[in-house]
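Chain residues, written in single-letter form:
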Amino acid sequence: MPDVAQGTTVAPPDEHAALYRHPDRNIALELVRATEAAAIRASPFVGHGDKIAADRAAVDAMRKFLGTVNVAGTVVIGEGEKDEAPMLYNGEVVGNGLGPVCDIAVDPIDGTSLTAAGRRNAISMIAASDGGTMLDASSVFYMEKLVAGPEAIGLVDIRQPIEENLRALAAASGRRPSDLTVGVLDRPRHAELIARIREAGAATRLLLDGDVAGGIDAASEEGRLDLCVGTGGSPEGVATACAVKALGGLIQARLAPTSDTEAQRGSDAGLRIDHVYEADDLVAGDNTFFVATGVTDGSLVNGVRRLGRIIRTESIVLRARSGTIRRVIADHLAEKWLEE
């Protein structure tokens, strides 16, 4: 038996293995290096009209840095199926395998069109949770979502008309519906919803893309949105849930298949088409992590900035178990990135 220093306790093998069953440290502080890398690599493409090139650069950088993180991660929400996405595909194993078992959701750029056009609110993001806890909703592309702050819990419900939710939310905070601002993706499918929100007296902020950032804004007590509603990507909904749990907010979702074939595919995958998914359905437990780095300036974080020899990034790091919200501003030597 090897020598053991006095006062040192050695855990039995089964207990030692248990230490790596759940990510008990704040792995988001390591994952942020991957989102920083993706944002920096995408930044030269901001405003140049090529969203494919921007996304490719971000994917390459994120995949490279994820390989150095001390986790045994499986991508539950990635760039697509293996045949369509050569890297960061659904089911890909990431990390160096030396740490806890995690489910991973990635979006190297949430807002590729925003990046290509040089518009606000493009981010690079990663969400993580204990292994086996993240809902795989990839068989149904869209879901209807509702996100709000802690004060909405028990009062606002996706099953209620939007007008009723606005009245309840306003009353809970001692305001009027006209004092509220609601984030909605600017899509033709939301024309009636937008009209109803305005008729109820509330203002709308139309999101060109990136409803993950919009959801986080609505869930945050210091955010500019009071509510974020509408139909968007199912993968983004699950990733948003990881952040909302850390913020103590409310998220609900309902799958929105676009055809009977898609609905059947979802049912075959074990999804409940008419079910209202709560936060714990989207990602189980309280050990969730979320990290995002700005590609372009936005309400959540500032974008990548070149300051002489320095490249500056701003990130937000959230952990549900500890309830911590960190903002990380990092300066990177530009020549280090130009050499790679």
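Here, the structure is the one placed above.
Quick notes on the rules
- Residues numbered from 1 in each chain as written.
- Predicted model: local features only at pLDDT ≥ 70, side-chain atom pairs only at ≥ 80, totals over all residues.
- Heavy atoms only, no water.
- Axes fitted to C-alpha atoms, helices over the stretch in contact; angles between N-to-C directions.
- Helix = DSSP H or I, 4+ residues; strand = E, 2+ residues; numbered from the N terminus.
- Parallel < 35°, antiparallel > 145°, perpendicular 65-115°, else oblique.
- Left-handed = near helix turned anticlockwise from the far one by under 90°.
- Contact = heavy atoms within 4.5 Å.
- Nonpolar A, V, L, I, M, F, W, Y, C, P; charged D, E, K, R; others polar.
- Salt bridge = Lys/Arg side-chain N within 4 Å of Asp/Glu carboxyl O.
- Buried < 20%, exposed > 50% of the residue type's maximum accessible area, 1.4 Å probe, protein only.
- Pairing = 2+ DSSP bridges.

So, about the packing of helix 2 (residues 28–42) against helix 3 (residues 51–66). It is the contact of helix 2 with helix 3, at a shortest axis distance of 8 Å, that shows an interaxial angle of 155°. Relative to helix 3, the element helix 2 lies roughly antiparallel. Crossing angle aside, the handedness with which helix 2 passes helix 3 is right-handed. Of the residues in helix 3, those in contact with Leu31, Arg33, Ala34, Thr35, Ala37, Ala38, Arg41 and Ala42 of helix 2 are Ala54, Ala57, Ala58, Ala61, Met62, Phe65 and Leu66. Across the contact of helix 2 with helix 3, the residue classes tally to 12 nonpolar, 1 polar and 2 charged.

What follows deals with the pattern of salt bridges. This model, assessed by the stated rule, comprises 16 salt bridges. In this structure, the salt-bridge partner of arginine 321 is aspartate 286, at a minimum N-O distance of 3.5 Å. Separated by 35 residues along the polypeptide, arginine 321 in the loop between strand 12 (310–319) and strand 13 (324–333) and aspartate 286 in the loop between helix 10 (279–282) and strand 10 (289–294) bring together distant segments of the chain. Given a relative accessible area of 39%, arginine 321 falls into the partly exposed group. Glutamate 314 is the salt-bridge partner of arginine 327, the closest N and O atoms lying 3.6 Å from each other.

One open sheet accounts for 5 strands, arranged 7-6-8-5-9; its pairing is mixed. A single partner strand is all that each edge strand has here, and the edge strands are strand 7 (203–207) and strand 9 (250–255). Across this sheet, the average inter-strand angle for adjacent strands is 15°, counted without regard to direction. Bridge count for strand 6 (residues 181–185) against strand 7 is 5 bridges, and the pairing is parallel. Within the sheet, the bridge partner assigned to valine 182 lies in strand 7 and is threonine 204. Most of the contacts of helix 8 (residues 234–247) go to strand 5 (residues 142–148), to which it runs at about 25°, and overall it touches strand 5, strand 8 (227–233) and strand 9.

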